[in-house]
Amino acid sequence: MSVYLCGFMGCGKSHIGRMLASRLGMKLIDLDRYIVNAEKMTIPEIFEQFGEPHFRALEAKYIRELSEGFIVATGGGALLNCETAKFARESGISVYINTSFETCFDRIKGDKNRPLVVKNTPEQLRELYNARAPIYRQNSTFMVNGNTSDHIITGEIAKLAQFSGQAPV
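Because the structure is predicted, anything quoted here is derived from the model rather than measured.

Participant: What is the right way to read the packing of aromatic side chains from this model?
Facilitator: Any two aromatic rings considered together are summarised by their centre-to-centre distance and by the angle between their planes. For the structure shown, the criterion picks out 7 aromatic pairs. Judged by centre distance (5.6 Å) and plane angle (75 degrees), the ring pair of Tyr-34 and Tyr-62 falls under edge-to-face. Separated by 28 residues along the polypeptide, Tyr-34 in helix α2 (residues 31–39) and Tyr-62 in helix α4 (residues 52–63) bring together distant segments of the chain. Residue classification places Tyr-34 among the partly exposed residues on the basis of a relative accessible area of 26%. A ring pair is formed by Tyr-96 and Tyr-136, whose centres lie 5.2 Å apart and whose planes are at 35 degrees; its orientation type is tilted. A residue pair is termed long-range when its members are at least 10 positions apart, and Tyr-96 in strand β4 (residues 92–98) and Tyr-136 in helix α8 (residues 122–139) qualify at 40 residues. There is no split in this pair, since Tyr-96 and Tyr-136 are both buried. Each member of the aromatic cluster is reached from another via a ring pair, and the members are Phe-8, Phe-101, Phe-105 and Tyr-129.

This is how it looks when you write it as structure tokens:
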């Protein structure tokens, strides 16, 4: 069983994932890095050569390989796919890190490795954030407040994982 962290780009999935993995003695898999290593292409190259739908299919494919005992920091769009989200809930727990748009945007602005950041204005990114938020809520097992300290967020997720039997006590 695994713990899948989801939320908008820049919400803290990778950072919280590192802290959570250390706290629970589990291995962290950053899904974007996993895809880059498996496909031997950067995310911008995948988007440019094959398009976003292909990248989303890769996320769905590789999430299925990560169902046994990992902390998985998913990409911002990975659990928007209802079938992928269902798989994550059935093979562990999925936790939505609900972080404000302003905080997320401050963390991602100017990031050339995020195709959606490069090709969208701040207003368009806010619209994307607003469209995705209810889907993250619907597709997740739990939601935590991402607007507090990383130690508090990590502690809350650790308790949820342990209570749900997804992590060592």
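Here the narrative resumes.
Participant: What should I look at first to understand the sheet that holds strand β5 (residues 142–145) in this one?
Facilitator: What holds strands together in a sheet is hydrogen bonding between their backbones, with the strands either parallel or antiparallel. Pairing within the open sheet is parallel, and its 5 strands lie in the order β2-β3-β1-β4-β5. Each having just a single partner strand, β2 (27–30) and β5 make up the two edges of the open sheet. The sheet shows a mean angle of 25 degrees between the axes of neighbouring strands, taken without regard to direction. Bridge analysis of strand β1 (residues 2–6) against strand β3 (residues 70–73) gives 3 bridges, and the strand direction is parallel. Looking across to β3, one finds that Leu-5 is bridged to Ala-73. Packed onto the sheet, α8 meets β1, β4 and β5 and runs at close to 150 degrees relative to β4.

Participant: How should α8 be read in this particular structure?
Facilitator: Residues separated by three or four positions in an α-helix point in the same direction, a consequence of the helix having 3.6 residues per turn. Under the 1.5 Å per step criterion, the end-to-end length of α8 is 25 Å for 18 residues, consistent within 8% with the ideal 26 Å. In α8, a bend of some 30 degrees at Arg-132 exceeds every other bend along the element, and Pro-134, a proline, comes one to four places later. The set of residues buried in α8 consists of Leu-125, Tyr-129, Arg-132, Ala-133, Tyr-136 and Asn-139. Buried residues along α8 sit against β1, α4, α5 (82–90), β4, α6 (101–108) and α7 (115–119).

The rules behind each value
- Residues numbered from 1 in each chain as written.
- Predicted model: local features only at pLDDT ≥ 70, side-chain atom pairs only at ≥ 80, totals over all residues.
- Heavy atoms only, no water.
- Phe/Tyr/Trp six-rings, centres within 6.5 Å; stacked < 30°, edge-to-face > 60°.
- Helix = DSSP H or I, 4+ residues; strand = E, 2+ residues; numbered from the N terminus.
- Buried < 20%, exposed > 50% of the residue type's maximum accessible area, 1.4 Å probe, protein only.
- Pairing = 2+ DSSP bridges.
- Axes fitted to C-alpha atoms, helices over the stretch in contact; angles between N-to-C directions.
- Contact = heavy atoms within 4.5 Å.
- Expected span 1.5 Å × (residues − 1).
- Bend = angle between axes of the 7 residues up to and from the residue.

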